[in-house]
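# Geometric and topological summary
Read off the chains here:
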Amino acid sequence: MEFQDQQVSKGSSHISKKKIFLKDEFMIENMQYNMAFEYKLRELEKETKISEFKRSELLNEYKNKYKKYRDNWYNINNLIAEKNSFFKPLSLDIETASICDLACPHCFREYIVTPDKIMKEELYLKIMKEVKDLEIPSIKLNWRGEPLLNPLLEKFIKIAKQNGVLDVSINTNATTLNEAKSIKILNSGLDQIIFSFDGGTKKTYEKMRPGRFKNNQFEKIYENIKNFCLLKKKYNKVFPITKIQMVMTKSSRNEVKDFFDLFSEFIDDVVITQYQERGGKMDDLLDEQKEKLNNYKKRNNIKDLNHYIAKVNGDILVSEDRKSCDQIYQRLMVTYNGHVGMCCHDWGAKHCIGYLDEEGIKSYDKDLTQVFNSTKSNKKGFELLKNVKMPEKLNTPDRKISTLKEIWHGKELKKVRDMHLQKKINNIEICKNCSYKESYHWKKI
């Protein structure tokens, strides 16, 4: 097996025996199959037949749009320094479902109350209008929940592509990915589906991914993922790109080969990701890695070292200091009811920066309380969430309805950006102990 660092996730690695899968190259090379391009072509051909030359011109335009989006993403700090005029969100995380049918011990859901809701079509259409007006190139149709639990997901994907979104993706646990749902997703225009599957063996997987409402079985989920990929091949679909990722814990570190062998024959991209502390306090290091880290702490008289990276190839990196976070210039998060957060690591939407809908103001606290009360009464489906606490309110913006553009350029996000640029990150409570690896400088030990 060969390992190669992921460009978008510090410390995480692609695994391959052949050529490493590179999403950006694939997206550009196969832009003719991107449904945003296809819908635009159909729209133009309603008026007049498009010549091959015009079609080629349009295709190059879409390739260049995608390339510019990714260049801006990777070079965000240079663009900030230059005060570049592109300044708009590059991506939007839309919480089509906040409910999840699993209760993973390494997930924030076990420790911070999370509503069991899905997004309504009316709000989604409102968001899509703004996405189109702002020409936001990328969306992910999930944040804290399982998107396949929203029955409108296929429709939402198609609407996004009809509105010109170049890159539409979802993360899923695949628990409900039966054949009928797989075919709908394959025909929707989705660009990437990312499967979360923690473990290379039945024992580890079922420990890491227990079901909330019924037992979650290794064999069933494995077959769901495999069958999706086989259907993709059967129907000769170029998209969606298939990616699977496993979080590294002490038990799963010894199962990397097992994990790779399970999926490498039919998945485009097999990835190992870093464990991030979300309340579970799980052991993510092998004994020899822990010893190496402890020796480093002793030599350097360090009492606490909460931020480190233990890569799959054995390298260990430690954080030296913080740096201005790129996420606050790249993306926004919108909850199921229009409550807007600045960062995907702010699980409880504690640092709210605005509202897109009246429900985001009126119902969010009520929905949290409903889940909290269900956990305390040990209601079915809530037994594994007994350790949850209500999220703190770390920022309270003006209680008014705003647009994405107003929030993106508004005073709440400006305050955060200013603190980061002034190297006063610890003055922002939600950022102080953030586990986002990209917001640290690292050195190898």
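Predicted model, so just to flag it, every value in this text is computed and none were measured. (Residues numbered from 1 in each chain as written. Predicted model: local features only at pLDDT ≥ 70, side-chain atom pairs only at ≥ 80, totals over all residues. Heavy atoms only, no water.)

Hydrogen bonds between backbone groups are what pair the strands of a sheet, and the pairing can be parallel or antiparallel. Reading across from one edge, E1-E2-E8-E7-E6-E5-E4-E3-E11-E12-E13 is the order of the 11 strands in this open sheet, with mixed pairing throughout. What marks the edges here is a single partner per strand, and that holds for strand E1 (2-5) and strand E13 (352-355). Each strand axis lies, on average, 25 degrees off the axis of its neighbour in the sheet, ignoring direction. As judged from the three bridges shared by strand E3 (residues 91-94) and strand E4 (residues 138-140), these two strands associate in the parallel manner. (Pairing = 2+ DSSP bridges. Helix = DSSP H or I, 4+ residues; strand = E, 2+ residues; numbered from the N terminus. Axes fitted to C-alpha atoms, helices over the stretch in contact; angles between N-to-C directions.)

Every buried residue belonging to helix H16 (residues 411-421) is among Glu412, Leu413, Val416, Arg417 and His420, and all of these are buried. Buried residues along H16 cover an arc of 130 degrees about the axis, so they all sit on one side. Exposed residues pointing more than 90 degrees away from the buried face of H16 are listed as Lys411 and Leu421. The elements touched by buried residues of H16 are helix H12 (327-330), strand E11 (331-334), E13, helix H15 (404-408) and helix H17 (429-432). Remark: Lys423 follows H16 within two positions and exhibits a positive phi of approximately 60 degrees. (Buried < 20%, exposed > 50% of the residue type's maximum accessible area, 1.4 Å probe, protein only. Arc of directions from axis to C-beta. Contact = heavy atoms within 4.5 Å.)

All right, on to the state of the cysteines then. This structure, assessed with the given rule, holds zero disulfides. Looking at the unpaired Cys104, the closest cysteine sulfur is the one in Cys107, lying at 6.1 Å. Note on Cys434: no disulfide assigned, nearest cysteine sulfur contributed by Cys343 at a separation of 5.2 Å. Using a relative accessible area of 12% as the deciding quantity, one classes Cys434 as buried. (Disulfide = S-S within 2.5 Å.)

Mapped onto the elements, Cys100 comes out in the loop between E3 and helix H5 (121-134). As a C-alpha pair, Cys100 and Phe21 span 79 residues in sequence and 29 Å in three-dimensional space. Those residues within four positions of Cys100 in sequence are excluded, and the remaining contacts are Arg109, Asp116, Gly145, Glu146, Leu149, Asn173, Arg212 and Phe213.

Helix H6 (residues 153-162) packs onto H5 with a crossing angle of 15 degrees between their chain directions and a minimal axis gap of 10 Å. Compared by their axis directions, H5 and H6 come out roughly parallel. Crossing hand, H5 versus H6: right-handed. Residues Glu121, Tyr124, Leu125 and Met128 of H5 form the contact with H6, whose own contacting residues are Lys155, Phe156, Ile157, Ile159 and Ala160. Considering only residue class, the contact of H5 with H6 consists of seven nonpolar, no polar and two charged. (Parallel < 35°, antiparallel > 145°, perpendicular 65-115°, else oblique. Left-handed = near helix turned anticlockwise from the far one by under 90°. Nonpolar A, V, L, I, M, F, W, Y, C, P; charged D, E, K, R; others polar.)

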